[in-house]
Amino acid sequence: SKNSDKYYILQVLVDGKKKKIKKGGSASKTGLDYYLFTRWGRTGTGGQCNLEGPFVGGENHAEKGFSNLFKSKTGVEWAKAVRGAPPKTGKYEYLESVSKGDKDASWYNYLTLD
């Protein structure tokens, strides 16, 4: 076995619920909290997941975390990523996302290592 047929999902999630900001609280001043969600495992399994955040620096820090993790998993910078391009050796391939969720939701990408 080549330790393949795995997936890695990356998402930046935004909690748009308006929160009252309490002294010393973690809610952002905009009322939006940004999180980085990851899920990984073998194809056909639920795998494991992780949720980081809320990011103190808001959207910019969440996107930076996303970009750094994307590059570590694919070997490609997020700004230069092309869906369906051949993967680098030992790295995940960037696949087009498929969302059947909320029409107002956004999915960043899915990665797979076959």
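Everything discussed here concerns the structure shown above.
Residues numbered from 1 in each chain as written. Predicted model: local features only at pLDDT ≥ 70, side-chain atom pairs only at ≥ 80, totals over all residues. Heavy atoms only, no water.

*Asks:* Report on the overall build of the protein chain, specifying residues and quantitative values.
*Replies:* Helix and strand content of the protein chain: 1 helix and 5 strands. Helices and strands in the protein chain line up, N terminus first, as β-β-β-α-β-β. Taking all 114 residues of the protein chain together, 30% fall into the buried category. At a minimum sequence separation of 6, the contacts of the protein chain that also span at least 24 residues come to 43%. For the protein chain, the accessible surface area stands at approximately 7,900 Å², while carbon and sulfur atoms represent 51% of it. (Helix = DSSP H or I, 4+ residues; strand = E, 2+ residues; numbered from the N terminus. Buried < 20%, exposed > 50% of the residue type's maximum accessible area, 1.4 Å probe, protein only. Contact = heavy atoms within 4.5 Å. Areas by Shrake-Rupley, 256 points an atom, 1.4 Å probe, with all protein chains shown as cover.)

*Asks:* How would you explain the pairing of strand S2 (residues 33-42) if you had to name every residue and give the values?
*Replies:* Taking burial as the measure, the 10 residues of S2 include 7 buried ones, the bulk of the element. Bridge analysis of S2 against strand S3 (residues 48-52) gives 5 bridges, and the strand direction is antiparallel. Residue pairing across strands places Phe-37 opposite Leu-51, the latter belonging to S3. Linking two consecutive strands that pair antiparallel, namely S2 and S3, is a turn of 5 residues; a positive phi of about 90° is found at Gly-44 within it. (Pairing = 2+ DSSP bridges.)

*Asks:* So, unusual backbone geometry: which residues are in play, and what are the values?
*Replies:* Put simply, Gly-53 and Pro-54 share a cis peptide bond, and its omega is 5°. The residue Pro-54 is located in the loop between S3 and helix H1 (58-74) in this model.

*Asks:* Please give an account of H1 that cites residues and values.
*Replies:* Helix length check: H1 (17 residues) gives 24 Å between terminal C-alpha atoms against 24 Å at 1.5 Å per residue, within 8%. Following H1 by one or two positions, Gly-75 has its phi on the positive side, about 80°. (Expected span 1.5 Å × (residues − 1).)

*Asks:* Pulling in residues and values, what's your account of the environment of Gly-75?
*Replies:* Assignment of secondary structure puts Gly-75 in the loop between H1 and strand S4 (93-95). Take Gly-75: its relative accessible area is 27%, and that puts it in the partly exposed class. Linking Gly-75 and Gly-90, residues 15 residues apart in sequence, is a C-alpha distance of 9.2 Å. Setting aside anything within four residues of it in sequence, one finds Gly-75 in contact with Phe-70, Lys-88 and Lys-91.

*Asks:* I'd love a proper account of the nonpolar core, names of residues and values included.
*Replies:* Nonpolar side chains tend to gather and get buried jointly when the protein is soluble and globular. Within the largest apolar cluster, 12 residues are counted, these being Tyr-8, Leu-10, Val-12, Tyr-34, Leu-36, Phe-55, Ala-62, Phe-66, Leu-69, Phe-70, Tyr-92 and Tyr-94. Going through the elements one at a time, strand S1 (6-15), S2 and H1 are the ones with two or more residues in this core. If we skip the residues at most four places from it in the chain, Tyr-34 touches Val-12, Leu-13, Val-14, Glu-52, Gly-53, Pro-54, Phe-55, Gly-58, Glu-59 and Ala-62. (Core = buried A, V, L, I, M, F, W, Y, C linked by side-chain atoms within 4.5 Å.)

*Asks:* Pulling in residues and values, what's your account of the packing of aromatic side chains?
*Replies:* Evaluation of the coordinates by the stated rule reveals 7 aromatic pairs. Measuring from ring centre to ring centre gives 5.4 Å for Phe-70 and Tyr-94, while their planes differ by 90°; the resulting arrangement is edge-to-face. Placement of the pair is Phe-70 in helix H1 and Tyr-94 in strand S4, with a sequence separation of 24 residues. One exposure class covers both Phe-70 and Tyr-94, and it is buried. In this structure an aromatic cluster arises from ring pairing among Phe-66, Phe-70, Trp-78 and Tyr-94. (Phe/Tyr/Trp six-rings, centres within 6.5 Å; stacked < 30°, edge-to-face > 60°.)

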